[in-house]
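Chain by chain, the residues run as shown.
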Amino acid sequence: MARILLAVCVLCAATLRTGFGQRIVNAIYGETIVMPCGLDIVDNLLFGKWKYEKGDGPIEFVASRSALKKQYKYDDVPEYNGRLNLTENYTLTISDARIRDEKKFVCMLITDDNVFEAQTLIKVFKPPSKPEIINQPKFMEVGKLNKVGECVSKESYPDGNLTWYRNGQVILPIEGAVSIEWEKEKNSTSGLYSMSSSLEYVATKEDINSQLTCLVTYSMPEGQLSAISDPAVFEIYYPTEKVTIKVQPATKTIKEGDNVTLKCIGNGNPPPQEFLFYPPGEEEGIISSGTYQITDIKRNATGEYKCSLPNKNMMASATLTVHYLDLSLSPSGEVTKQIGEALNLSCIPYASKDVTIIWFKDSKSKASLQTSFKSLKYTDSGVYDCESFLLEDGSLRKKKTVKLTVEGIPRLKLSKRTNPDGKTKTVTCDVEGVPKPEVRWSSLSNGLYINITEETPFTNGKFSSKIIISPDDNITVSCFAENRLGKVAHSLNVSAISFPEQDEPNDKSDDSSDHAKLIVGIVVGLLLAALVAGIAYWIYMKKNSGTKHVGKELGNTEENKKLEENNHKSEA
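To start, this report covers the structure provided alongside it. (Residues numbered from 1 in each chain as written. Predicted model: local features only at pLDDT ≥ 70, side-chain atom pairs only at ≥ 80, totals over all residues. Heavy atoms only, no water.)

Some remarks on the overall build of the protein
Looking only at helices and strands, the protein features four helices and 44 strands. Long-range pairs, those at least 24 residues apart, make up 58% of the contacts in the protein with a sequence separation of at least 6. Counting only carbon and sulfur atoms, one obtains 51% of the accessible surface of the protein, whose full area is about 34200 Å². (Helix = DSSP H or I, 4+ residues; strand = E, 2+ residues; numbered from the N terminus. Contact = heavy atoms within 4.5 Å. Areas by Shrake-Rupley, 256 points an atom, 1.4 Å probe, with all protein chains shown as cover.)

Below is the structure:
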């Protein structure tokens with residue numbers, strides 16, 4: 001039982017001895033007070049009693065126990081009815097400790113010849129509620145004495161102290177800048193104290209986001225303790241002292257066609273809601289809620305923009321430079337030229353800053369792409385792109401396109417070869433021209449085609465058409481090519497397949513050689529015919545000279561006479 005009472009004593013109260021045998025028992029409000037008698041139990045003890053003193057009033061007995069009969073008695077004291085308990089060793093406990101229990105109690109042990117007394121002084125403690133800052137304003141204005149609020153901490157015993165803090169630093173009263181008032185109130189029924197402290201404070205801009213707290217310090221059996229309130233953070237209002245203007249989006253380069261927003265900002269709190277905007281060259285401001293928008297901005301929008309508060313006492317400015325890039329390509333669109341003609345592609349930029357130009361042909365870039373032509377070729381046909389952009393900001397780009405088509409009348413080149421099978425020959429007609437020429441074949445002989453023709457793909461204005469033939473005689477094959485610009489035909493002599501020959505590719509010179517051979521053959525034939533005619537004439541004349549009489553006989557008389565006269569003259 002003694003161990004139990006000792007544990008209760010340790011948990012619920014601290015007991016200290018004082019001079020002259022007086023003890024102090026510290027009790028927590030609402031808990032149980034444990035008061036040992038403090039005297040040794042003697043053998044001839046008759047009974048023990050507990051009493052308390054009312055200061056100037058009479059003594060009140062509250063409990064007693066007979067040592068002989070071992071009977072307990074609790075006196076009819078209204079404030080302790082049902083709250084007392086007296087043990088065998090005369091320890092008195094009082095449940096539900098109250099502030100009014102803070103008295104001097106005396107334990108009396110009575111024998112036949114003596115009375116022993118021991119005094120115990122009760123001290124009651126109660127921690128206050130967590131401090132709370134109430135009646136806070138919505139905002140504080142810079143330069144004015146603002147009421148921050150009231151710090152309240154309730155039901156403490158004994159009373160406590162309240163202290164204000166700003167960002168962890170104690171706030172002390174300062175005349176004209178900080179005012180602190182303190183109040184304490186005691187509940188007449190419970191005896192508990194409630195404390196409050198009001199703070200008035202001249203705020204500055206440095207108080208933005210500052211935390212104000214209130215700390216309560218109070219006494220407990222173990223010493224001084226404290227509790228702190230939740231922080232209070234206030235809006236700090238102050239007038240605008242500076243106006244600035246911002247360009248949105250905050251890009252390095254404003255390009256023609258962009259959407260730009262100018263935003264005017266005042267550094268006051270709350271920020272001003274109305275401004276005046278001044279476009280370049282405008283004297284009268286445009287009322288705005290703080291933004292000035294320019295949609296699809298043009299180069300002539302370059303200039304200085306200003307904004308101010310409605311009273312015009314503060315103004316800010318920003319210079320906008322609208323960058324632009326124009327591109328001139330000559331010629332452009334779709335251009336058709338004849339092969340061999342000259343052409344110069346000219347790409348000229350007009351821009352607000354330095355630019356660079358890149359040429360592309362058929363979407364491919366070359367370091368030295370030709371754009372000036374003295375004599376156009378079919379391979380020069382294609383799509384030419386001239387692209388330009390600002391050196392400082394490549395996001396501003398322009399591109400112009402020209403589609404060049406090089407055209408020309410057809411040109412042909414014929415060639416032949418004997419195929420490996422030895423039974424056929426391939427005649428090739430290499431064609432050049434744009435638009436693509438239509439090709440057809442013809443021959444002075446019949447039944448020569450094996451009905452096999454072949455065309456290569458049309459690339460850069462060139463393609464080939466081939467036929468396979470098996471001529472029984474020497475023949476002439478002709479290739480005809482035609483487009484909307486003109487028509488051309490070339491012929492080629494091809495020997496019979498039965499006469500082996502060493503064929504070699506022929507171009508125009510081969511064709512001329514075949515014609516030359518034909519002419520030589522005709523000349524030789526004519527010479528042979530002339531020779532034959534000459535021989536025949538010689539035989540004829542010889543024959544006529546041996547038979548002159550025949551002529552005479554066959555001639556008329558007059559002719560014969562003349563002939564005879566001539567003969568006589570010659571003889572003479």
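Considering the state of the cysteines
One pass over the full model with this rule turns up five disulfides. The disulfide pattern of the protein is 1-2, 3-4, 5-6, 7-8, 9-10 when the bonded cysteines are numbered in sequence order. (Disulfide = S-S within 2.5 Å.)

Points about empty space enclosed by the protein
Taken as a whole and assessed by the stated rule, the structure comprises one cavity of 30 Å³ or more. What the largest cavity holds in volume is close to 40 Å³. Residue lining of the largest cavity: M140, R166, Y201, D207, S210, L212, F234 and I236, and that is the complete set. Per-class residue counts for the lining of the largest cavity are five nonpolar, one polar and two charged. (1 Å grid on protein atoms, 1.4 Å probe; cavity = no way out; pocket = protein on both sides within 12 Å on 5 of 7 lines; lining within 4 Å. Points joined across faces, edges and corners; volume = space filled by probe spheres on them. Nonpolar A, V, L, I, M, F, W, Y, C, P; charged D, E, K, R; others polar.)

Some words on the packing of aromatic side chains
By the definition in use, this model includes nine aromatic pairs. A centroid spacing of 4.0 Å and a plane angle of 10 degrees characterise the contact between F139 and Y237, whose relative ring orientation is stacked. Placement of the pair is F139 in strand 12 (residues 139–141) and Y237 in strand 20 (residues 235–237), with a sequence separation of 98 residues. Taking 5.6 Å as the distance between ring centres and 25 degrees as the angle between the ring planes, the aromatic pair formed by F277 and Y292 counts as stacked. Taken together, the positions of F277 in strand 24 (residues 275–278) and Y292 in strand 26 (residues 291–294) put the pair 15 residues apart, joining distant regions of the chain. Classification of F277 as buried rests on a relative accessible area of 1%. Taken together, the aromatic side chains of Y52, Y80 and F105 make up a single cluster linked through ring pairs. Lying over the aromatic face of Y324, R299 brings its terminal NZ or CZ to 3.9 Å of the ring centre. (Phe/Tyr/Trp six-rings, centres within 6.5 Å; stacked < 30°, edge-to-face > 60°. Buried < 20%, exposed > 50% of the residue type's maximum accessible area, 1.4 Å probe, protein only. Lys NZ or Arg CZ within 6 Å of the ring centre and 35° of its normal.)

So, the sheet that holds strand 43 (residues 475–483)
The antiparallel open sheet is built from three strands, whose spatial order is 40-43-44. In this open sheet, the two edge strands, each paired with only one partner strand, are strand 40 (438–443) and strand 44 (486–494). Taken over all neighbouring pairs, the strand axes of this sheet differ in orientation by 20 degrees on average, direction set aside. Where strand 43 and strand 44 come together, nine bridges link them in antiparallel fashion. Paired with F480 across the bridge in strand 44 is A489. (Pairing = 2+ DSSP bridges. Axes fitted to C-alpha atoms, helices over the stretch in contact; angles between N-to-C directions.)

Overview of the pairing of strand 19 (residues 223–228)
As judged from the six bridges shared by strand 18 (residues 212–220) and strand 19, these two strands associate in the antiparallel manner. Residue pairing across strands places V216 opposite A227, the latter belonging to strand 19. Counting the residues in the hairpin turn of strand 18 and strand 19 gives two residues.

What about the nonpolar core?
One finds M35, W50, V62, L92 and F105 to be the most contacted residues of the largest nonpolar core, which totals 50 residues. Here the element with the most residues in this core is strand 18; it accounts for five residues. Setting aside its immediate chain neighbours within four residues, M35 contacts V25, W50, Y90, T91, L92, I94, F105, T120 and I122. One finds F275, F277, I294 and L320 within the second-largest nonpolar core, a separate group that totals 19 residues. (Core = buried A, V, L, I, M, F, W, Y, C linked by side-chain atoms within 4.5 Å.)

Considerations on the pattern of salt bridges
A pair can form between side chains of opposite charge whenever their charged atoms are brought close. In the structure shown here, the tally under the stated rule is 20 salt bridges. Measuring nitrogen to oxygen at the nearest pair gives 2.5 Å for the salt bridge that ties R166 to D207. Placement of the pair is R166 in strand 14 (residues 161–166) and D207 in the loop between strand 17 (193–202) and strand 18, with a sequence separation of 41 residues. With a relative accessible area of 5%, D207 lands in the buried category. The partner of E241 in a salt bridge is K205, and the shortest N-O contact between them spans 2.8 Å. Residue E241 is located in the loop between strand 20 and strand 21 (243–248), and its partner K205 is located in the loop between strand 17 and strand 18; the two are separated by 36 residues in the primary sequence. The exposure class assigned to E241 is exposed, which follows from its relative accessible area of 51%. We classify K205 as partly exposed; its relative accessible area is 29%. (Salt bridge = Lys/Arg side-chain N within 4 Å of Asp/Glu carboxyl O.)

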